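Each chain is listed here by its residues.
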Amino acid sequence: MKISVCIATYNGEKYLKEQFDSILSQLSDEDEIIISDDSSTDKTLAIIDSYHDKRIRVFPNQKFHSPIFNFENALKHARGDYIFLSDQDDVWECDKVKIILPYLSRYSLVVSNCSIMDKDGKLIREAYFNDNMQKGGVLRNIVHNNYLGCCMAFRKEVLRVALPFPAKIAMHDIWLGLCASAFFSTIFIPDKLIRYRRHGNNASDTAGTSSLPWFYRINYRMYFLSQLVKRFLQF
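Residues numbered from 1 in each chain as written. Predicted model: local features only at pLDDT ≥ 70, side-chain atom pairs only at ≥ 80, totals over all residues. Heavy atoms only, no water.

**Some words on the pattern of salt bridges**
Right, on to step 1. Tallied over the full model, the rule gives nine salt bridges.
Right, on to step 2. For Lys17, the salt bridge goes to Asp21, with nearest N and O atoms at 2.9 Å. Here Lys17 pairs with Asp21, and both are found in helix H1 (residues 16–24), just four residues apart, close to one helical turn.
Right, on to step 3. Among the charged side chains, a network of salt bridges with common partners joins Lys2, Glu32, Arg57 and Arg79. (Salt bridge = Lys/Arg side-chain N within 4 Å of Asp/Glu carboxyl O. Helix = DSSP H or I, 4+ residues; strand = E, 2+ residues; numbered from the N terminus.)

Spelled out as structure tokens, the structure:
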């Protein structure tokens, strides 16, 4: 089974090499990394080009100005049977792929746990998820999202339902997780398989306290539900 690792990049020069090194060492010659770059102005593309690795496919000069639709573009080009999402600034543990693959033979989407580090790589939290919490289910994740994209891997069948992304979703990982939960099967595993970096410039505010107005948070949850209903009617 072929693996596609999908990464949305934008001005990621500071941490990108460390992340790439941790991913490439776990991939076979038949696997691929798909990169959609949202018109980076730093050395991001030069760092990627320096690898001279045929497994890396880059789609530069995108103009989404959005991590959501930058990720969607990467997903549209993925050719693998199994798809792993990756941010541009984390680090994969050396056994991430080996541990997740057996679960993907039984479940459509897998979410692992992770540790959290600061901008300098110092551990600041042992685990993102409380392993005693119930995390699956559509309604539970509408109320409190547990689908953390950088910890997710899924079968390509999920994309049959999830693509194209609805125009106004709050984040891509929530949508992918909800689609997998509603139409297929999901599992959360306790293994901490990445070091998730928090440095103040992340594209999302995951792992922090939301500062969004309550009316917005209610509206985007209702939007997710309405879009899931539409997909049910289509499929």
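**Considering the environment of Ile7**
Right, on to step 1. Relative to the helices and strands, Ile7 resides in strand S1 (residues 3–9).
Right, on to step 2. Residue class for Ile7 comes out buried when judged on its relative accessible area of 0%.
Right, on to step 3. Sequence spacing of Ile7 and Met117 is 110 residues, and the spatial spacing of their C-alpha atoms is 20 Å.
Right, on to step 4. Among all residues touching Ile7, those that are not within four sequence positions of it are Phe20, Ile23, Ile33, Ile34, Ile35, Ser36, Phe71, Ala74, Ser86, Asp87 and Gln88. (Buried < 20%, exposed > 50% of the residue type's maximum accessible area, 1.4 Å probe, protein only. Contact = heavy atoms within 4.5 Å.)

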